[in-house]
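What the coordinates show
What follows is each chain in one-letter form.
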Amino acid sequence: MLSYLAMAIEVQNENTFRAALSDALNVFLGAGFSVLAKNSAGKSMPVGDILKTELTKEFELDDLSALSLAQVCAIIESTQSERLRKFLADRFTVKSFDTRYRVLERVAIKTIFTTNVDDLVHKIYADSDRYYVRDVMLRGPAFRDKSAVDFIALHGCVGHSEEPLSFSPIDLASAFSSDPDRFHFLTTRLQQFPTVFWGYS
């Protein structure tokens, strides 16, 4: 099992990692996790600075290039929220992905947390005959279903047409303050199972 993961990530503390694989673990995904997935235009999923550059070009806001991604998104959303949502949905809807992502199906993952807004996790598990993604925001957590992988998109997901997408830590903090059950679930799961952070610099 470890050899499959070792192909995809650099494994530190190998003995601890092997012990965690024998039971169950959480995975916490950052932007770097999704870079081997592509949208319908054949573009790889972008990380922060690349997305910011694309947004300033798409919305003709080159004068905002010194601002952060969260700031650029906030400015665009204040005047062109529908157009921004459509751009992000097109940009982050996964059409194809590297087959090495299927390594996730070989591991007993309890929960996937992600700061990404793409739908890569859903696409990875779409054809799995062992596990399925249970979106906690839509259906609540699975407590006794061993086939379920609980999924929490902390900044939203393009697969949720009604849910806002966010790149701001302030919006995330606000979401947790307005929905304390989500924060409680996250902290409880992080305490219950070892967590692999994947895709963070």
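Structure: see above.
This report concerns the structure included in the present document. (Residues numbered from 1 in each chain as written. Predicted model: local features only at pLDDT ≥ 70, side-chain atom pairs only at ≥ 80, totals over all residues. Heavy atoms only, no water.)

1. A short note on the packing of aromatic side chains
Definition in use: Pairs were defined over the aromatic rings of Phe, Tyr and Trp, the Trp ring being its six-membered one, requiring ring centres within 6.5 Å. Orientation was assigned from the angle between planes: stacked under 30 degrees, edge-to-face over 60, tilted for the rest. Elements are defined by DSSP. Helices are runs of H or I of four residues or more, strands are runs of E of two residues or more, and each kind is numbered from the N terminus. The buried label goes to any residue with under 20% of its type's maximum accessible area, the exposed label to any with over 50%, and the partly exposed label to all in between, with areas taken from a 1.4 Å probe on protein chains only.
According to the stated counting rule, one finds eight aromatic pairs in the structure shown. Note on phenylalanine 33 and tryptophan 198: the rings are 5.0 Å apart at their centroids and 80° apart in plane angle, and the pair reads as edge-to-face. Here phenylalanine 33, found in the loop between β1 (25–29) and β2 (37–38), pairs with tryptophan 198, found in strand β7 (residues 195–198); they are 165 residues apart in sequence, far enough to count as distant. The class of phenylalanine 33 is buried, set by a relative accessible area of 3%. Overall, the relative accessible area of 12% leaves tryptophan 198 in the buried class. When the ring of phenylalanine 59 is compared with that of phenylalanine 87, the centres are 6.1 Å apart and the planes differ by 75°; the resulting orientation is edge-to-face. Placement of phenylalanine 59 in the loop between α3 (48–58) and α4 (69–92) and of phenylalanine 87 in helix α4 is noted, with a sequence separation of 28 residues between them. The exposure classification of phenylalanine 59 matches that of phenylalanine 87, with both residues buried.

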